[in-house]
Amino acid sequence: MSDCIFCKIINNEIPCEKIYEDDKVISFKDISPAAPVHILIIPKKHITSINEMSEEHIELIGHIFVVAKMLAKQLGISENGYRIVNNCGEQAGQTVKHVHFHMLGGRNLNWPPG
Ligand code: AMP
Ligand code: ZN
């Protein structure tokens, strides 16, 4: 999608601090980190939000979580714990309309979130 900031990152049109990439997903550091470890994991295919996901995306969603687990270990937050967050829609605070999963760790995370 031409006016999507995350599609531009995927297409190397704007830079990012890349952590991981394969044929289905890419992961990079959040530009405005909310924790010592704060990365985003996103599908390369432009999907606006969880609301636009269906049966055809089941394998992709599973893949994202397997990658997340692998990156948590690589980033050293597996043992102490981490949080994977998806904000879907206005009231959840979704600002980028390309589905993405935040992975946060490296400090105590409050629950419930604000
Ligand atoms: P959300 O509010 O759930 O839509 O999350 C969007 C996230 O994308 C925010 O945490 C932003 O800090 C992050 N973000 C926006 N632009 C960039 C960028 N160019 N590179 C890395 N992260 C970004
Ligand atoms: Zn996009």
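Residues numbered from 1 in each chain as written. Chains lettered and ligands numbered in written order. Predicted model: local features only at pLDDT ≥ 70, side-chain atom pairs only at ≥ 80, totals over all residues. Heavy atoms only, no water.

The name given to the protein in an unreviewed UniProt entry is Histidine triad nucleotide-binding protein, with the source organism recorded as Clostridium omnivorum.

J.: Explain the site of ligand 1 to me, please; I cannot follow it from the model alone.
T.: Taken together, 16 residues are adjacent to ligand 1, and Asp30, Asn87, Gly93, Thr95 and His102 come closest. In this structure, glycine 93 approaches ligand 1 through a main-chain N or O atom, which is 2.9 Å from an oxygen atom. About the coverage of ligand 1: the protein hides 84% of its 500 Å² of free accessible area. At a threshold of 2 Å from the grid points, most atoms of ligand 1 map onto the largest pocket. Among the elements that line the shell around ligand 1, the one with the most residues is helix 1 (residues 5-10), at three residues. (Near = heavy atom within 4 Å. Polar contact = N/O pair within 3.5 Å; in protein donor to acceptor, adjacent residues only side chain to side chain. Areas by Shrake-Rupley, 256 points an atom, 1.4 Å probe, with all protein chains shown as cover. 1 Å grid on protein atoms, 1.4 Å probe; cavity = no way out; pocket = protein on both sides within 12 Å on 5 of 7 lines; lining within 4 Å. Sits in = over half its atoms within 2 Å of the grid points. Helix = DSSP H or I, 4+ residues; strand = E, 2+ residues; numbered from the N terminus.)

J.: Mind showing me how you'd approach unusual backbone geometry here?
T.: The phi angle of most residues is negative, glycine excepted, and most peptide bonds adopt the trans form. The omega torsion across tryptophan 111 and proline 112 is 0°, close enough to zero to call that bond cis. With respect to the helices, strands and loops of the structure, proline 112 is situated in the segment after strand 5 (101-105).

J.: Sorry if this is basic, but what is going on with the coordination of the zinc ion (ligand 2) here?
T.: Put simply, a metal with four donors set out as a tetrahedron has ideal angles of 109.5 degrees, and one with six donors set out as an octahedron has ideal angles of 90 or 180 degrees. Every protein donor of the zinc ion (ligand 2) is accounted for by Cys4 (SG), Cys7 (SG), His46 (ND1) and His98 (ND1), and the metal-donor separations fall at 2.1 to 2.3 Å. Given the relative accessible area of 5%, cysteine 4 is considered buried. (Donors = N, O, S within 2.8 Å, 3.2 Å for Na, K, Ca; no water. Buried < 20%, exposed > 50% of the residue type's maximum accessible area, 1.4 Å probe, protein only.)

J.: How do you make sense of the environment of lysine 69 when you look at a structure like this?
T.: Relative to the helices and strands, lysine 69 resides in helix 2 (residues 58-74). Given the relative accessible area of 55%, lysine 69 is considered exposed. In this structure the C-alpha to C-alpha distance between lysine 69 and tyrosine 82, which are 13 residues apart in sequence, comes to 9.8 Å. Aside from chain neighbours lying at most four places away, what touches lysine 69 is Ser78 and Tyr82. (Contact = heavy atoms within 4.5 Å.)

J.: Help me out: how do you make sense of the packing of aromatic side chains in this one?
T.: We describe a pair of aromatic rings using the distance from one ring centre to the other and the angle between the two ring planes. Counted under the stated rule, the structure contains two aromatic pairs. The interplanar angle of 75° and the centroid separation of 5.5 Å between the aromatic rings of phenylalanine 6 and phenylalanine 28 together place this pair among those described as edge-to-face. With phenylalanine 6 in helix 1 and phenylalanine 28 in strand 2 (residues 25-29), this pair connects stretches of sequence that are 22 residues apart. Residue classification places phenylalanine 28 among the buried residues on the basis of a relative accessible area of 3%. (Phe/Tyr/Trp six-rings, centres within 6.5 Å; stacked < 30°, edge-to-face > 60°.)

J.: When you look at the sheet that holds strand 2 in this model, what are you seeing that I'm missing?
T.: Pairing between the strands of a sheet is mediated by backbone hydrogen bonds and can be parallel or antiparallel. Pairing within the open sheet is antiparallel, and its five strands lie in the order 1-2-3-5-4. For this open sheet the edge positions go to strand 1 (18-21) and strand 4 (82-85), each flanked by a neighbour on one side alone. Going from strand to strand, the sheet's axes swing by 20° on average, the running direction of each strand aside. Here strand 1 pairs with strand 2 via three bridges, running antiparallel. Paired with glutamate 21 across the two strands is isoleucine 26, which belongs to strand 2. Strands strand 1, strand 2, strand 3 (37-43), strand 4 and strand 5 of the sheet are contacted by helix 2, whose axis makes an angle of about 155° with strand 3. (Pairing = 2+ DSSP bridges. Axes fitted to C-alpha atoms, helices over the stretch in contact; angles between N-to-C directions.)

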